[in-house]
Amino acid sequence: MPATQNGQDEKWIDNMIELLLSARNKKPGTPVDISVQDATQLCTQARDVFMSQPMLLELGAPIKICGDIHGQYTDLLRLFEYGG
């Protein structure tokens, strides 16, 4: 991938992260408006990253493990605030 395309992808991802994190200080359930195209591209790029990673991760202690958040976006944001 050319450097300019890579830079554009990184800028797009940074903008998407900024948009998604904008819900942090809003009332739970406040929608974050992203297009179907952006959501699809985000999922595709996330899948590519996951598929490029090894199946087994050898991690050092201590680690934090969380369970299923059942689609609760505000719970996900809270976990990121808590665990980094």
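Just so you know, these numbers come straight off a predicted model, no measurement behind them.

Conventions adopted
- Residues numbered from 1 in each chain as written.
- Predicted model: local features only at pLDDT ≥ 70, side-chain atom pairs only at ≥ 80, totals over all residues.
- Heavy atoms only, no water.
- Helix = DSSP H or I, 4+ residues; strand = E, 2+ residues; numbered from the N terminus.
- Rg over C-alpha atoms; globule rule 2.2 N^0.38 Å.
- Contact = heavy atoms within 4.5 Å.
- Areas by Shrake-Rupley, 256 points an atom, 1.4 Å probe, with all protein chains shown as cover.
- 1 Å grid on protein atoms, 1.4 Å probe; cavity = no way out; pocket = protein on both sides within 12 Å on 5 of 7 lines; lining within 4 Å.
- Points joined across faces, edges and corners; volume = space filled by probe spheres on them.
- Nonpolar A, V, L, I, M, F, W, Y, C, P; charged D, E, K, R; others polar.

Engineer: Sorry if this is basic, but what is going on with the overall build of the protein chain here?
Structural biologist: Within the protein chain, the regular secondary structure consists of three helices and zero strands. Helices and strands in the protein chain line up, N terminus first, as α-α-α. For the protein chain, whose C-alpha radius of gyration is 15 Å, the value lies well above the compact-globule estimate of 12 Å for 84 residues. Projecting the C-alpha coordinates of the protein chain onto the three principal axes gives extents of approximately 40 × 35 × 20 Å. Taking the contacts inside the protein chain whose residues are at least 6 apart along the sequence as the reference set, 52% of them involve residues at least 24 apart. On the protein chain, roughly 7400 Å² of surface is accessible, and the fraction owed to carbon and sulfur atoms is 59%.

Engineer: Help me out: how do you make sense of the layout of surface pockets in this one?
Structural biologist: One way to see where empty space is left: roll a probe the size of a water molecule over the atoms. Within this model, the largest pocket holds a volume of roughly 290 Å³. Within the residue set of the lining of the largest pocket, elements represented by two or more residues are helix 1 (3-21), helix 2 (36-52) and helix 3 (73-83). Counting residues per element, the lining of the largest pocket draws most heavily on helix 1, at five residues. Looking at the lining of the largest pocket residue by residue, the classes come out as 12 nonpolar, one polar and no charged.

Engineer: Would you mind showing me how to read the environment of R24 here?
Structural biologist: Its place among the elements puts R24 in the loop between helix 1 and helix 2. Here the alpha-carbon distance between R24 and E81, two residues 57 residues apart in the chain, equals 9.4 Å. Leave out the neighbours within four places in its chain, and R24 touches L77 and E81.

It is worth stressing that arrangement in space is one thing and function is another; only the former is reported here.
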